[in-house]
Amino acid sequence: MAYLYLALAIIGELIGSSLLKASEGFSKLYPTLGLIVAFVSCFFFLSLSLKTIPLNAAYAIWSGLGLVATAIISVLIWKEKINMASIAGITLILAGVLILNLFGPGHDESSHEAGETLTVDGKTE
């Protein structure tokens, strides 16, 4: 269920970002109202996903997938240009998201999931 909430947060971010562009600096009422609703729902669902998914992994997925989808939307809907440097940067961010999700903190921390608290120096209490 947490990943469904995360997917809904990403969708909210994408809608909100597109409406942010459409609001033309908050000068258009309906896109502005829509982006407020979209971003509030985005952060609501992101907060629900954080009950289960570690913050670093959830944020990496949310921002990484949001970045890629926003770039695609900007090209397809808003007819913005993208160059090879942008594609390379997006690829590097996605590689970072993948590495963080496969090997970052939150993996193999069975004692943490059992209710023990990790301190700053890495010791458990």
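As a reminder, the structure under discussion sits directly above these lines.
Described in the following lines is the structure provided in the data block.

Reading the values: rules and limits
- Residues numbered from 1 in each chain as written.
- Predicted model: local features only at pLDDT ≥ 70, side-chain atom pairs only at ≥ 80, totals over all residues.
- Heavy atoms only, no water.
- Buried < 20%, exposed > 50% of the residue type's maximum accessible area, 1.4 Å probe, protein only.
- Helix = DSSP H or I, 4+ residues; strand = E, 2+ residues; numbered from the N terminus.
- Axes fitted to C-alpha atoms, helices over the stretch in contact; angles between N-to-C directions.
- Parallel < 35°, antiparallel > 145°, perpendicular 65-115°, else oblique.
- Left-handed = near helix turned anticlockwise from the far one by under 90°.
- Contact = heavy atoms within 4.5 Å.
- Salt bridge = Lys/Arg side-chain N within 4 Å of Asp/Glu carboxyl O.

Structural notes on unusual backbone geometry
The phi angle at Phe 26 is positive, at roughly 65°, despite the residue not being glycine. Using a relative accessible area of 54% as the deciding quantity, one classes Phe 26 as exposed. The phi dihedral of Lys 79 is positive, around 55°, even though this residue is not glycine. With respect to the helices, strands and loops of the structure, Lys 79 is situated in the loop between helix H3 (55–76) and helix H4 (84–103).

Remarks on the packing of H3 against H4
Put simply, H3 and H4 touch, their axes get as near as 9 Å, and they point 155° apart. Comparing the axis directions of H3 and H4 gives the class roughly antiparallel. Seen along the crossing, H3 lies across H4 with a hand that is left-handed. Two secondary-structure elements touch here, H3 through Asn 56, Ala 57, Ala 60, Ile 61, Gly 64, Leu 67, Val 68 and Ala 71 and H4 through Ile 90, Ile 93, Leu 94, Val 97, Leu 100 and Asn 101.

Section: the pattern of salt bridges
Pairs may arise between side chains of opposite charge once their charged atoms sit close together. If you walk through the whole model with that rule in mind, you get two salt bridges. For Lys 21, the salt bridge is made with Glu 80, and the minimal N-O distance between the two is 3.1 Å. Here Glu 80 lies in the loop between H3 and H4 and Lys 21 lies in helix H1 (residues 2–22), a separation of 59 residues in the sequence. Lys 21 gets classed as partly exposed once you look at its relative accessible area, which sits at 43%. Across the pair Lys 28 and Glu 24 runs a salt bridge whose closest N-O atoms are separated by 3.3 Å.

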